[in-house]
Amino acid sequence: MSENVLTPEPLPGDVIQDFLKPYAEQAGLYRRLGETFGSPLFIVDPAVLREKAARFTDAFARELPEIRVYYAMKSNNLPYISQTLADCGLGLDVSSGMELSVALATGARDIIFSGPGKTAPELALAAAHPDRVTLLLDSFGELDRLAPLVLPDKGVMKIGIRININPEGLWRKFGILPEKAAALYSRIENCSGVRFAGFQFHSSWNMEPSRQVEGIRAMGRLLSTLPEAMLSQCEFIDIGGGYWPEQGEWLITKEPLVHTWNRSVPIEIFARELSRAVREWIFPVVQCRICFEPGRWLCNDAAHILIRVVDKKEDDLVITDAGTNAVGWERFETDYFPVLNLTRPDMTERPCRILGALCTPHDVWGMAYYGEDIKEDDLLFIPTQGAYTYCLRQFFIKELPHVVALEDTPRLIE
């Protein structure tokens, strides 16, 4: 299955302003958080998590008879986020023993454990909770390592098989090839204490549903070749995640006030097109539950970063109190997010290099800001930083931000 080849388009200024306006209207609230809890600060909004969980679930539930939604914890492993989404009724998708331990602690009753290279201790932890964990096998060897760890007195463990529908380049590391599915099923049948229950496949970076539709077709073709006994045991097909947030992917250019974007589509369009493909390619062969693993789509808009200007070195260059170790990578050298000056808010974007305090030139927060001016001690706000930031942060030179939950009474949670 081919990768998306995207050609960014110019990002209109009115699109940015419409996106930023709700945050500007809340500038006073965010300033108070900075004054109360200090900076730098991650701000997590559980109301956004709940709204996203409901919208995603409702979109697919309207189209399909039986669905299950699992939050992909790797996109943001803050336990508060996983707990909030589990409390909304979502299952949890984990990719390590560390994530599995957090998921079990939330009390979640439905957890899927995916990912390659599961270690013996990780497999043992999953095997100790067969009533709550479904293991997605990534290889024949993984089954061999799991077999002696299964505890029959705990109950039978449900097993899914990850199918690699895109065996190109480095994507070869995931799952097994479709033509080997029947052989792995036979091995599962000969292993006591486990039972086959379904399939999973995945594609990433989905701005629109075409690659996932292609994957569903490939899965349908595979199903039509499998033994009837295997199909009769198939309780679920998990079509993975990779759903991009509706605002699309925003990118910087060499000009500080010129930005581009790769457009995305609303989740309702994903739901309509993927469900249509499921009805055409999956249901004629097997009737089963359809599962989804959104991560970025759920958590991206639910967390923001607040930082403070500590040094205005030039009219067009300031240093902040936060280093990009807070997000773990040089995100803002490629990705564009508008920076709002909470202290002097305005809907005009002005060029200025906004840099962190790390001893590296790659410590970049932005090349412009929205505001009347920018001065020392100003509070700056970067919205929608919930996905692949907190979970990638690193202890490098500067301390990490505290995390505050935006509840009725805001409180520090880390």
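Rules used in this analysis
- Residues numbered from 1 in each chain as written.
- Predicted model: local features only at pLDDT ≥ 70, side-chain atom pairs only at ≥ 80, totals over all residues.
- Heavy atoms only, no water.
- Helix = DSSP H or I, 4+ residues; strand = E, 2+ residues; numbered from the N terminus.
- Rg over C-alpha atoms; globule rule 2.2 N^0.38 Å.
- Buried < 20%, exposed > 50% of the residue type's maximum accessible area, 1.4 Å probe, protein only.
- Contact = heavy atoms within 4.5 Å.
- Areas by Shrake-Rupley, 256 points an atom, 1.4 Å probe, with all protein chains shown as cover.
- Lys, Arg positive; Asp, Glu negative; His and termini not counted.
- Charge placed at Lys NZ, Arg CZ, Asp CG, Glu CD.
- Phe/Tyr/Trp six-rings, centres within 6.5 Å; stacked < 30°, edge-to-face > 60°.
- Lys NZ or Arg CZ within 6 Å of the ring centre and 35° of its normal.
- Pairing = 2+ DSSP bridges.
- Axes fitted to C-alpha atoms, helices over the stretch in contact; angles between N-to-C directions.
- Core = buried A, V, L, I, M, F, W, Y, C linked by side-chain atoms within 4.5 Å.
- Salt bridge = Lys/Arg side-chain N within 4 Å of Asp/Glu carboxyl O.

**Notes on the overall build of the protein chain**
Here comes step 1: Scanning the protein chain from N- to C-terminus turns up twelve helices and 20 strands.
Here comes step 2: Against the globule reference of 22 Å for 414 residues, the protein chain gives a C-alpha radius of gyration of 23 Å, in line with a compact fold.
Here comes step 3: Principal-axis analysis of the C-alpha atoms places the extent of the protein chain at approximately 70 × 40 × 40 Å.
Here comes step 4: Considering the protein chain as a whole, with its 414 residues, one finds that 54% of them fall into the buried category.
Here comes step 5: For the protein chain, long-range pairs separated by at least 24 residues make up 74% of all intrachain contacts whose partners lie at least 6 apart in sequence.
Here comes step 6: Accessible surface for the protein chain amounts to roughly 17000 Å². Of this, 52% is attributable to carbon and sulfur atoms.
Here comes step 7: Mean positive and mean negative side-chain charge positions of the protein chain (42 and 57 charges, respectively) differ by 3 Å.

**Some points on the packing of aromatic side chains**
Here comes step 1: Following the criterion strictly, the structure yields 19 aromatic pairs and no others.
Here comes step 2: Here the aromatic cluster, defined as three or more aromatic residues joined through ring pairs, consists of Phe19, Tyr23, Tyr30, Trp250, Tyr336 and Phe381.
Here comes step 3: Lying across the ring of tryptophan 297, lysine 52 places its NZ or CZ 4.6 Å from the centre.
Here comes step 4: For the cation-ring pair, lysine 118 lies above phenylalanine 113, with the distance from its terminal atom to the ring centre recorded as 5.4 Å.

**Here we look at the sheet that holds strand β7 (residues 157-162)**
Here comes step 1: Taken in spatial order, the eight strands line up as β3-β4-β5-β6-β7-β8-β9-β12 and close into a barrel, and their pairing is parallel. Taken over all neighbouring pairs, the strand axes of this sheet differ in orientation by 30° on average, direction set aside.
Here comes step 2: Where strand β5 (residues 111-113) meets strand β6 (residues 133-137), three bridges bridge the pair, whose relative direction is parallel. Paired with phenylalanine 113 across the two strands is leucine 135, which belongs to β6.
Here comes step 3: Running at roughly 150° to strand β3 (residues 67-72), helix α3 (residues 46-61) makes contact with β3 and β12 (289-292) of the sheet.

**Let's talk about the sheet that holds strand β11 (residues 259-262)**
Here comes step 1: Taken in spatial order, the three strands of this open sheet run β1-β11-β10, and their pairing is antiparallel. Every interior strand has two partners, whereas the edge strands, β1 (9-10) and β10 (249-252), have only one.
Here comes step 2: Alignment of β10 against β11, held across four bridges, turns out to be antiparallel. Residue pairing in the sheet places glutamate 249 in a bridge with asparagine 262 of β11.

**Considering the nonpolar core**
Here comes step 1: In terms of nonpolar packing, the biggest core is built from 105 residues, with Phe60, Phe199, Ile237, Tyr243 and Trp365 touching the most fellow members.
Here comes step 2: Excluding residues that lie within four positions of it along the chain, isoleucine 237 makes contacts with Phe199, Phe201, Met219, Leu223, Ile282, Val286, Cys288, Arg289, Ile290 and Cys291.
Here comes step 3: Ile16, Tyr23, Ala27 and Leu41 belong to the second largest nonpolar core, which has 21 residues in total.

**Comments concerning the pattern of salt bridges**
In a structure, side chains of opposite charge can pair up when their charged atoms sit close to one another.
Here comes step 1: In the structure shown here, the tally under the stated rule is 21 salt bridges.
Here comes step 2: In this structure, glutamate 9 engages arginine 263 in a salt bridge whose closest nitrogen and oxygen atoms are separated by 3.2 Å. A residue pair is termed long-range when its members are at least 10 positions apart, and glutamate 9 in strand β1 and arginine 263 in the loop between β11 and α11 (267-281) qualify at 254 residues.
Here comes step 3: Of the charged contacts, one joins arginine 55 and glutamate 268 as a salt bridge, the two residues approaching to 2.9 Å between their closest N and O atoms. Remark: glutamate 268 occurs in helix α11 and arginine 55 occurs in helix α3; sequence separation between them is 213 residues.
Here comes step 4: Looking at glutamate 268, the relative accessible area reads 28%, which means it is partly exposed.
Here comes step 5: A cluster of three or more residues bridged by salt bridges with shared partners is formed by Arg55, Glu246 and Glu268.

**Brief notes about the environment of valine 285**
Here comes step 1: Looking at the secondary structure, you find valine 285 in the loop between α11 and β12.
Here comes step 2: Judged by relative accessible area, valine 285 falls into the partly exposed class, the value being 31%.
Here comes step 3: Along the sequence, valine 285 and glycine 220 sit 65 residues apart, while their C-alpha atoms lie 7.4 Å from each other.
Here comes step 4: Look past the residues within four positions of valine 285 in its chain and what remains in contact with it is Gly220, Leu223, Ser224 and Leu231.

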